[in-house]
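# Structural overview
Read off the chains here:
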Amino acid sequence: MESKDKDHILSLKVMRLTRPSLFTGLAIGCDARDLPGEYLNADIRADIAIPQGLSNTGVGHMLLLPQSFGNIYLGETFSCCLCVHNDGSDSIREVSIKAVLQMSNQRVPLLGEDDNEMLHQLEGNGTINEVIQHEVKDIGTHILVCAVSYLSSSGDRLSFRKFFKFQVMKPLDVKTKFYNAELAHNKTQSDEVYLEAGVQNITSGPLCLEKVELEPSPYFSVTPMNKVSQESNTLVFGRMNVVNPHDTRQYLYCLKPKPEARSNPAALRQATAIGKLDIVWRTNMGDRGRLQTSQLQRMAPQYGDVRVTVERIPSVVRLEEQFEVGLSITNICERTLELHLDFLGGGGGSEWSGVSSRSLPSLQPGQSTNLSLSLVPLQTGLQTIAGVRLTDTFLKRTYNYENLAQVFITNEKSVEHESFFSAWVNQVA
């Protein structure tokens, strides 16, 4: 970027500071028996920019200085050099240089805006160089406003301004999906949330993703699931996670509510903010960029005013032998609940044992009550615990629970078979 003004003795040049790129040439070779003979091959061997032994690759071993302003992407650091040159032979006093970066919604001073601004004296044919840097945090049109003021040889205060416009583009496209876990590993209800994040490179060159981490909100703790194994630090994408243009990397994270959040179900139900993705990358020449998303929002699971969780259940039971299921019923609304419990028939291969209908104690807001219920298994296999109905006697609202948990029912009588099926169920879970 260059500015020339014939009315002023000072001239301003602005040059963006970027890393050089590798020289790429067009290597055209031929067979020695062709009409050109060895002329084209000899020309390739004489080219100092083409490495020896790799003449047909087109990639050289020499660096090429930037020939244009280039692309600027969100999250990168914008660096440029402001050069003020005295085109005359007389000394110029009290030279002031200011630079401001203007966006659509804000104005960021980069140089010369403080109270202790330094005034320069510029000798004839002299130059003042100033380097400014700014981490780009907004996409869209940016305008770099550079202002130069000075005291002429006649004592007059003169000034001029120049504007340089450039566009900032998105380097990555991030798409997320949330999955509210219905069941935990032990086949009981769970508060776990799984986040699937797709990170796509939408730049014109390859990027090396150095870090893609999820910073959870205060309600959750996070477990990344992007390694070969939990004991290994090796990512599934390898040590060098290079993403070519338009390619996408998929990342998976498991979020679990913290103990203090579990003790407050009403707050947990309203906690829709999951966290932020922090992404760090480098270009093919080593330029670093960083991007942090806004708070990721998920749809909270709808429990209504009542939440029912399975606190205790065996993994394997024998056919026609009664077993116990421990339930926890929590009031997550702001009023006292009067609940009535009913057992429905045909509950997934098992039948409830005991009184089929009864009222429960009153539940204050945030209060929980524990129940121990009995079932008799009537069918073998992996069966679903279902057939529980809660009725809010005040609003006449009913809650049916048809998938509370799962249990494996076997007709084997030996302990060895039971241990085998228990291990199998845990492995499947």
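Keep in mind that what you see is a predicted model, and the values were worked out from it rather than measured.

## Re the side chain of serine 217
Summarising the element assignment, serine 217 is placed in the loop between strand S15 (207-216) and strand S16 (220-224). Of note is the side chain of serine 217, whose polar atom sits 2.9 Å from the backbone oxygen of alanine 273. Setting aside its immediate chain neighbours within four residues, serine 217 contacts Ala273, Ile274 and Gly275.

## So, the pattern of salt bridges
If you walk through the whole model with that rule in mind, you get 10 salt bridges. With its nearest N and O atoms 3.3 Å apart, the salt bridge here joins arginine 397 to aspartate 305. Of this pair, arginine 397 sits in strand S31 (residues 397-401) while aspartate 305 sits in the loop between strand S21 (296-297) and strand S22 (306-312); the two residues are 92 residues apart in sequence, bridging distant segments of the chain. A salt bridge links aspartate 392 to arginine 335; its shortest N-O distance comes to 2.5 Å. Of the two residues, aspartate 392 sits in strand S30 (residues 388-392) while arginine 335 sits in the loop between strand S24 (323-331) and strand S25 (339-343), which places them 57 residues apart along the sequence. The class of aspartate 392 is buried, set by a relative accessible area of 1%.

## A look at the packing of aromatic side chains
Taken as a whole and assessed by the stated rule, the structure comprises three aromatic pairs. Between the aromatic rings of phenylalanine 343 and tryptophan 352, the centroid separation amounts to 4.8 Å while the plane-to-plane angle is 15 degrees, which identifies the pairing as stacked. Exposure remark for phenylalanine 343: the relative accessible area of 14% places this residue in the buried category. Since its relative accessible area comes to 14%, tryptophan 352 is described here as buried.

## As for the sheet that holds strand S14 (residues 193-201)
One open sheet accounts for four strands, arranged S13-S14-S18-S16; its pairing is antiparallel. In this open sheet, the two edge strands, each paired with only one partner strand, are strand S13 (172-180) and S16. Across the sheet, the axes of successive neighbouring strands diverge by a mean angle of 25 degrees, strand direction being ignored. Looking at chain direction, S14 and strand S18 (residues 248-257) are connected through eight bridges and run antiparallel. Within S18, the position partnered with valine 199 by the bridge is arginine 249.

## Here's the deal with the sheet that holds strand S32 (residues 405-410)
Across the sheet, three strands lie side by side as S23-S32-S29; this open sheet has mixed pairing. Pairing within the sheet leaves two strands with one partner each, and these edge strands are strand S23 (316-318) and strand S29 (381-385). Strand-to-strand twist in this sheet, taken as the mean axis angle between neighbours without regard to direction, amounts to 40 degrees. Note that S23 and S32 share three bridges and pair parallel. Bridge pairing links valine 317 to isoleucine 409 in S32.

## Some details on the environment of valine 136
Summarising the element assignment, valine 136 is placed in the loop between strand S10 (127-135) and strand S11 (140-151). Its relative accessible area of 1% is what places valine 136 among the buried residues. When the C-alpha atoms of valine 136 and leucine 291 are compared, they prove to be 9.8 Å apart, with 155 residues separating the residues in sequence. With near-sequence residues (within four places) excluded, valine 136 lies in contact with Ile72, Tyr73, Leu74, Gly75, Glu76, Phe78, His142 and Val168.

Definitions and cut-offs
- Residues numbered from 1 in each chain as written.
- Predicted model: local features only at pLDDT ≥ 70, side-chain atom pairs only at ≥ 80, totals over all residues.
- Heavy atoms only, no water.
- Helix = DSSP H or I, 4+ residues; strand = E, 2+ residues; numbered from the N terminus.
- Polar contact = N/O pair within 3.5 Å; in protein donor to acceptor, adjacent residues only side chain to side chain.
- Contact = heavy atoms within 4.5 Å.
- Salt bridge = Lys/Arg side-chain N within 4 Å of Asp/Glu carboxyl O.
- Buried < 20%, exposed > 50% of the residue type's maximum accessible area, 1.4 Å probe, protein only.
- Phe/Tyr/Trp six-rings, centres within 6.5 Å; stacked < 30°, edge-to-face > 60°.
- Pairing = 2+ DSSP bridges.
- Axes fitted to C-alpha atoms, helices over the stretch in contact; angles between N-to-C directions.

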